[in-house]
Amino acid sequence: MIKEEFGKILSSKCCTLLGVGPMSINCVDAVIELGNENNIPLMLIASRRQIDSEYFGGGYVNNWTTEKFAKYVYKKDINNKVVLCRDHGGPWQNNQEVVNKISLKEAMVSAKKSFESDISSGFKIIHIDPSIDIFEQPKLSNVLDRLFELYAYCFEVAKNQNREILFEIGTEEQSGSTNTQEELEYTLSEVYKFCKKNKFPYPSFVVIQSGTRVMETRNIGSFESPFRIENELPPEI
């Protein structure tokens, strides 16, 4: 139902959707209040560093676990205007995994445990981001293999729990530069073939590099450059 609801809003109001990082309990409360007062859907996009499964000890935001965070939001969100989303879920997206230098196999198991907690707790949008590798720069084919494994796992978990989820995919770590058109087309083509073959729903959102990268209070990406940069989209475009 959530996909249809988003579709109606985007088509009728010609607007975008806002995703807010749950950086503090005050921030979360503000999102709930604004969504309910103005009758608009707002997304809370939690990274694994901010909020993670009880199995991993939670995250740095209010010492919340995924389970406690979800219960808090659903209890206060009287009109059901807040959409819980997992942002940057995947291997090595939790600092513990990086510090302990766990293997790819262990990191994939960890990512699955985290996603399972998300889906069980009522998260509606799952962002699968297998772009990080602490040992090497993986080939795109390897990243796609990891994406497909996690995609299939999340789909089966949601199906078994009779829950509706939307997928967001990303295959590149945020760089502040831009994707090439050919690279993006290839990625989308492979994802399309994978979903069609397995009769999975297509992703609703796709992350691309658009020359933006926020550090503290400003953009340090190539989007704001007044000069043309090699292999980058021209700033006037």
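Residues numbered from 1 in each chain as written. Predicted model: local features only at pLDDT ≥ 70, side-chain atom pairs only at ≥ 80, totals over all residues. Heavy atoms only, no water.

(A) Region of interest: the sheet that holds strand β4 (residues 125–128). The six strands are arranged β1-β2-β3-β4-β5-β6 in an open sheet whose pairing can be described as parallel. With one partner strand each, in any of the chains shown, β1 (19–20) and β6 (205–206) form the two edges of the open sheet. Pairing analysis gives four bridges linking β4 to strand β5 (residues 166–169), with the strands arranged parallel. Paired with isoleucine 126 across the two strands is phenylalanine 167, which belongs to β5. In the packing of helix α2 (residues 25–38) onto the sheet, contacts are made with β1, β2 (42–46) and β3 (82–89), and the angle to β2 comes to roughly 160°. (Pairing = 2+ DSSP bridges. Helix = DSSP H or I, 4+ residues; strand = E, 2+ residues; numbered from the N terminus. Contact = heavy atoms within 4.5 Å. Axes fitted to C-alpha atoms, helices over the stretch in contact; angles between N-to-C directions.)

(B) Region of the structure containing the pairing of β2. Here β2 lies mainly inside the structure; four of its five residues are buried. Both β1 and β2 contribute to a ladder of two bridges, which runs parallel. Among the inter-strand pairings, valine 20 is bridged to a residue of β2, identified as leucine 44. For the segment spanning β1, α2 and β2, crossover handedness is right-handed. When β2 meets β3, the two strands line up parallel, connected through five bridges. Counted as the bridge partner of alanine 46 is arginine 86 from β3. Read from β2 through helix α3 (residues 66–76) to β3, the crossover connection turns out right-handed. (Buried < 20%, exposed > 50% of the residue type's maximum accessible area, 1.4 Å probe, protein only. Right-handed = clockwise from strand over helix to strand, strands pointing away.)

(C) Representation of the packing of aromatic side chains in the model. Summed over the entire model, instances satisfying the criterion amount to twelve aromatic pairs. Measuring from centroid to centroid gives 4.2 Å for phenylalanine 148 and phenylalanine 194, while their planes differ by 10°, and the two rings are stacked. Of this pair, phenylalanine 148 sits in helix α6 (residues 140–160) while phenylalanine 194 sits in helix α7 (residues 181–198), and the two are 46 residues apart along the sequence. Through successive ring pairs, a cluster of aromatic residues spans Phe148, Tyr151, Phe155, Phe167, Phe194 and Phe200. Lying over the aromatic face of phenylalanine 56, arginine 48 brings its terminal NZ or CZ to 5.0 Å of the ring centre. Cation over ring: lysine 113 sits above tyrosine 55, and NZ or CZ is 4.5 Å from the ring centre. (Phe/Tyr/Trp six-rings, centres within 6.5 Å; stacked < 30°, edge-to-face > 60°. Lys NZ or Arg CZ within 6 Å of the ring centre and 35° of its normal.)

(D) Local environment of the environment of glycine 221. Structurally, glycine 221 is set in the segment after β8 (218–219). Along the primary structure glycine 221 and glutamate 4 are separated by 217 residues, whereas in three dimensions their C-alpha atoms are 34 Å apart.

(E) Spatial organisation of the pattern of salt bridges. Within the structure shown, the criterion is met by seven salt bridges. Linking arginine 86 and aspartate 118 is a salt bridge whose minimum nitrogen-to-oxygen distance equals 2.9 Å. Taken together, the residues span a long stretch of sequence, with arginine 86 in strand β3 and aspartate 118 in helix α5 (residues 104–120) at a distance of 32 residues. One exposure class covers both arginine 86 and aspartate 118, and it is buried. Arginine 146 serves as the salt-bridge partner of aspartate 133, at 3.0 Å between the closest nitrogen and oxygen. With aspartate 133 in the loop between β4 and α6 and arginine 146 in helix α6, this pair connects stretches of sequence that are 13 residues apart. Using a relative accessible area of 7% as the deciding quantity, one classes arginine 146 as buried. Several salt bridges share partner residues, and in doing so they unite Arg48, Asp52 and Glu97 into one network. (Salt bridge = Lys/Arg side-chain N within 4 Å of Asp/Glu carboxyl O.)

(F) Spatial organisation of the pairing of β4. Where burial is concerned, the two faces of β4 agree: the one with Ile125 and His127 and the one with Ile126 and Ile128 are both buried. Two strands pair when backbone bridges link them, and β3 and β4 are joined in this way by three bridges, in the parallel orientation. The residue of β4 that forms the bridge with arginine 86 is isoleucine 126. Between the parallel elements β4 and β5, the chain passes through α6 in a crossover that is right-handed.

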